[in-house]
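# Structure assessment
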2 protein chains.
Amino acid sequence: MNNFIFQSPTRIIFGKDSENQVGAEVKKFTKKVLLHYGGGSIKKTGLYNRVTASLKENNIEYIELSGVQPNPRVSLVREGIELCRKNDIDFILAVGGGSVIDSSKAIAVGVPYEGDVWDFYIGKSKINDSLPLGVVLTLPAAGSEASPSSVLTNEDGWLKKGTGSDLIRPKFAIMNPELTFTLPAYQTACGVADMMAHIMERYFTHTTDVDLTDRLCEATFRTIIDNAPKLIIDPEDYAARAEIMWAGTIAHNGLLGTGREEDWASHSIEHELSAIYDVAHGAGLAVVFPAWMKYVYKHNVSRFVQFAVRVWNLENDFHHPEKTALKGIEKTKEFFSSIGLPVTLEELGIMDDRLDEMADKCTAGDTVTQGRFVKLNKKDVYEIYKLASE
Amino acid sequence: MNNFIFQSPTRIIFGKDSENQVGAEVKKFTKKVLLHYGGGSIKKTGLYNRVTASLKENNIEYIELSGVQPNPRVSLVREGIELCRKNDIDFILAVGGGSVIDSSKAIAVGVPYEGDVWDFYIGKSKINDSLPLGVVLTLPAAGSEASPSSVLTNEDGWLKKGTGSDLIRPKFAIMNPELTFTLPAYQTACGVADMMAHIMERYFTHTTDVDLTDRLCEATFRTIIDNAPKLIIDPEDYAARAEIMWAGTIAHNGLLGTGREEDWASHSIEHELSAIYDVAHGAGLAVVFPAWMKYVYKHNVSRFVQFAVRVWNLENDFHHPEKTALKGIEKTKEFFSSIGLPVTLEELGIMDDRLDEMADKCTAGDTVTQGRFVKLNKKDVYEIYKLASE
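Residues numbered from 1 in each chain as written. Chains lettered and ligands numbered in written order. Predicted model: local features only at pLDDT ≥ 70, side-chain atom pairs only at ≥ 80, totals over all residues.

What follows is about the overall build of chain A. Secondary structure assignment for chain A yields 14 helices and eight strands. Relative to the globule expectation of 21 Å for 390 residues, the C-alpha radius of gyration of chain A, 20 Å, shows essentially globular dimensions. Along the three orthogonal principal directions, the C-alpha set of chain A runs to about 70 × 45 × 45 Å. For chain A, the residues scored as buried account for 57% of the 390 residues in total. Counting only contacts in chain A whose residues sit at least 6 apart along the sequence, the fraction spanning at least 24 positions is 77%. (Helix = DSSP H or I, 4+ residues; strand = E, 2+ residues; numbered from the N terminus. Rg over C-alpha atoms; globule rule 2.2 N^0.38 Å. Buried ≥ 20, exposed ≤ 12 C-beta atoms within 10 Å, placed from the backbone. Contact = placed C-beta atoms within 7 Å.)

In structure tokens:
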């Protein structure tokens, strides 16, 4: 087990009707917020009305900025920063999913920063200060509601980049599983792939003596695998919605990575897909991850066997452990497919004519490698895109 | 799943040599601390020197208060409160195990309180304010390093009572598994029983649709069960020490209880034992818990079957699930016994002449019940003590 630091300070307020507590939670920090959200769905569902009513009840003033898109854009973030500065706003309230939260985090660090907010995403500057932010979560997927990370897309060159700091962990996250009843099946499935991927990025490691985190990862995998299919059948299954929503947070609040080296190549490989083709992040991960697994599993067969046996309940073929490992990978692909996700680039609507360009961008012209489980250069990334075409 | 609130703000600094960071962590809060610890063991191991060196390096002044005993006493706490007030101390640094931490928490809430600190433990007053505190952990057991609770013993009547508030969660907990190499096997085993009990108090519930927390509990149980026996063989097995230490925190930081009703009868039943006989809390729990399980399992056989199958890897006897449930309880008892713990009152050195008195105290003269899985009155508690004698 490696040395580590862990902290999960976000106050999770979970359950039915919890959104009505938003005003009271905000009040602990400020009297004026930027209310940041996406399209009109929160108005259609009535959530907008309930949130603003709770703010008014607690005498919280709010300025609105809507229009966050999936793969949130730096241009809107810049607009949000200006809005906060002009109106002396010192708290961001995100109502939405990972995109809205990541956009809010970017605004939160951009306001007190003199330079351009994109600096944080290209490593030009380090986050030293941030406005506090809070979340009303509507889409369990990214885990951003309790994570220290934010991913943003720059339209200038369609670059998708991430940044992170404990300073941008939300102060609170209000999580009512009922708010997710209206999510279409495909979006639900994309969220599931995203949280599975967050665990897989941590699970596949060469760090030894990580029994507890292995088992906590497996516990979370199995809960997701058991409950996700229920939601495809009945989107209003509260119990299953609750399991998936809580699993999404646990998958990415840092707990499952304690004491172990993490990988994160698949996320970088997927980022190139969604930057160029604007595909849903979760769908991209469902395509990329099984391909990555096939490409790297021989570097630690026993870890992939453990995954097959403990997560997918497969029997180990003791004489041919590689076969067991491959079966576990196949099961993962089948699972994604069974909940309606694409598992090849073709199913994602991507023809293979830009694979070389993506591999090149992913490795900055073959000057950096991706991942830690296996360090991947441009050729490796290209081969993984090829495997994802099969 | 029930509605819940969860937060785990304690900054965990885990791993080799981490105690050398104590001064830098304290510095974030103050320049003067009460250094609170137990007997001389931290001097023997050199930990005292390393901690004070780190404090001095960071120009932190410290006043010492040692002498915390297992089942920490309110008299020493009162002394600590006076010491802090007299010396304008606004931060408590606990170096030790659960007793030292609980004593520190009591001092932390006592300093800003006008009345007597015991008020918080008998429900006469609610915690509204607390000094911050930090921990260097030497004994994985109570989980107090990241929990919101504190248990104290009042010598006047030998009452052992608990209190709790998110305000008393430590700001940081420094956890170096190497610091636990010198723990005697019996103390290690007592710690293991304590953390197992913390999970069992949460695991045995009637709340339905708690898949994720069930599996997270099972993950933690299995890690403890796999690793504890290694420590009885080799007390300097770093990997196993690390698993047990981290499991002790996870068992009691609140995560494993999210969304479910918890029980806590066994803790109350044990408290009477350790209040009167001053036995180690973990040893008392190893005796009480299997007896409690035997007394209550029929109220939810399928939950005890799940425990037997998923935690102890037993095959379910589908035609006689009660037999499977009983086997799981027997396995628990065998496990405690295998790591050197007593599993009967007699082995704990307690003759049964005061069972009625303890049952009476535990239920305040049969006016209150204990537990939620089954509400236990005086007669029930007496019967559990009787079962613990077998």
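Here we come to the interface of chain A and chain B. If you look at the interface, chain A gives 32 residues, while chain B gives 34 residues. Listing elements by their share of the side of chain A that touches chain B, those giving two or more residues are β1 (4–14), α7 (211–233) and α8 (238–250) of chain A. Among the elements that take part in the side of chain A that touches chain B, α7(A) stands out by supplying 11 residues, more than any other. When its residues are assigned to classes, the side of chain A that touches chain B shows 15 nonpolar, eight polar and nine charged. Where β1(A) lies against strand β1 (residues 4–14) of chain B, seven bridges are found, and the strand directions are antiparallel. Bridge pairing in β1(B) places S8(A) opposite S8(B). (Nonpolar A, V, L, I, M, F, W, Y, C, P; charged D, E, K, R; others polar. Pairing = 2+ DSSP bridges.)

Another aspect to go through is helix α10 (residues 281–296) of chain A. With 16 residues, α10(A) should reach 22 Å at 1.5 Å per residue; the first-to-last C-alpha distance of 22 Å fits that figure. Where burial is concerned, most of α10(A) is hidden: 15 out of the 16 residues are buried. (Expected span 1.5 Å × (residues − 1).)

All names here are of chain A. Two elements in contact, α7 and α8, have axes whose closest approach is 9 Å; the angle formed by their N-to-C orientations is 140°. The angle between α7 and α8 places the two elements in the oblique class. The way α7 lies across α8 gives a crossing that is left-handed. Residues T220, T223, I224, N227, A228, K230 and L231 of α7 form the contact with α8, whose participating residues are A240, R241, E243, I244, A247 and I250. Here the contact of α7 with α8 is built from residues that sort into seven nonpolar, three polar and three charged. (Axes fitted to C-alpha atoms, helices over the stretch in contact; angles between N-to-C directions. Parallel < 35°, antiparallel > 145°, perpendicular 65-115°, else oblique. Left-handed = near helix turned anticlockwise from the far one by under 90°.)

As a further point, take the packing of helix α9 (residues 265–277) of chain A against α10(A). Residue and element names in this part refer to chain A. Contact geometry of α9 with α10 gives a least axis separation of 9 Å together with a crossing angle of 130°. As judged from the angle between their axes, α9 and α10 are oblique. Here α9 runs over α10; the crossing is right-handed. Here A265, S266, I269, E270, L273 and S274 of α9 come into contact with α10, specifically with H281, G284, L285, V288, F289 and W292. Its residues assigned to classes, the contact of α9 with α10 comprises seven nonpolar, four polar and one charged.

Looking now at the pairing of strand β5 (residues 133–137) of chain B. All names here are of chain B. Among the five residues in β5, five count as buried, and that is most of the element. A two-sided burial pattern is seen for β5, the buried positions comprising L133, V135 and L137 on one face and G134 and V136 on the other. With five bridges joining them, strand β4 (residues 92–96) and β5 adopt parallel strand pairing. By the bridge assignment for β5, V95 is matched with V136. The sheet contact formed by β5 and strand β8 (residues 172–175) spans four bridges and is parallel. Bridging across to β8, L137 finds its partner in M175.

Time to look at the relation of the copies chain A and chain B. Turning chain A through 180° and shifting it by 0.0 Å along the axis lays it on chain B, with an RMSD of 0.0 Å. These values place the two chain copies in the arrangement generated by a two-fold rotation axis. It is P9(A) whose C-alpha, among those of chain A, lies nearest the rotation axis, at 2.0 Å. When you check the interface residues of chain A against chain B, 100% turn up at the interface there too, and the contact is symmetric in its surfaces. (Least-squares fit on C-alpha atoms with pLDDT ≥ 70 in both.)

Attention shifts here to the domain arrangement of chain A. Residues and elements named next belong to chain A. You can read the domains of chain A as domain 1 (11–179) and domain 2 (183–387). The distance between the C-alpha centroids of domain 1 and domain 2 comes to 26 Å. At the interface, 19 residues of domain 1 touch 25 residues of domain 2. Among the secondary structure elements, those contributing two or more residues to the side of domain 1 that touches domain 2 are β1 and β7 (159–164). (Domains from an automatic or database assignment.)

Quick look at the sheet that holds β1(B) now. If you walk across this open sheet you meet the 12 strands as β3(A)-β2(A)-β4(A)-β5(A)-β8(A)-β1(A)-β1(B)-β8(B)-β5(B)-β4(B)-β2(B)-β3(B), and the pairing is mixed. Bordering the open sheet on either side are β3 (61–65) of chain A together with β3 (61–65) of chain B, each of which pairs with just one other strand. Each neighbouring strand pair of the sheet contributes to a mean axis angle of 25°, computed without reference to strand direction. Strand direction decides the pairing type here: β1(B) and β8(B), joined by four bridges, are parallel. The partner of F14(B) across the bridge, within β8(B), is M175(B). Along the sheet face, helix α5 (residues 98–110) of chain A touches β2 (32–37), β4 (92–96) and β5 (133–137) of chain A and points at about 165° away from the line of β4(A).

This part is about the nonpolar core. Ranked by internal contacts, the top residues of the largest apolar core, which has 258 residues, are I92(A), V95(A), A193(A), I92(B), V95(B) and A193(B). Each residue touching A193(B), except ones within four places of it in the same chain, is listed here: G282(B), A283(B), L285(B), A286(B), F336(B) and L341(B). (Core = buried A, V, L, I, M, F, W, Y, C linked by C-beta atoms within 7 Å.)

Here W264(A), not a glycine, exhibits a phi torsion of approximately 75°, which is positive. Structurally, the position occupied by W264(A) is in the loop between α8 and α9. For W158(B), which is not glycine, the phi dihedral falls at a positive 45°. Along the chain, W158(B) falls in the loop between β6 (149–154) and β7 (159–164). Given 15 C-beta atoms within a 10 Å radius, W158(B) is considered partly exposed.

Separated by 69 residues in the primary sequence, W158(B) and I89(B) have C-alpha atoms spaced 30 Å apart. Apart from the residues lying within four places of it in its own chain, the contact partners of W158(B) are T153(B), A275(B) and I276(B).

The next point concerns helix α3 (residues 47–57) of chain B. An α-helix turns once per 3.6 residues; consequently, residues spaced three or four apart project the same way. Residues and elements named next belong to chain B. Within α3 the residues assigned to the buried category are L47, V51, S54 and L55. End-on, the buried residues of α3 take up no more than an arc of 100°, which puts them together on one face. Seen from the buried face of α3, the exposed residues on the opposite side, beyond 90 degrees, are N49 and K56. Note on α3: the residue one or two positions beyond its end, N59, has a positive phi of about 55°. (Arc of directions from axis to C-beta.)

All names here are of chain A. Inspection of the secondary structure puts G46 in the loop between α2 (41–44) and α3 (47–57). Look at G46 and you get exposed, because 10 C-beta atoms sit within 10 Å. Along the primary structure G46 and L167 are separated by 121 residues, whereas in three dimensions their C-alpha atoms are 31 Å apart.

The next point concerns the environment of L65(B). Looking at the secondary structure, you find L65(B) in strand β3. Along the primary structure L65(B) and M200(B) are separated by 135 residues, whereas in three dimensions their C-alpha atoms are 34 Å apart.

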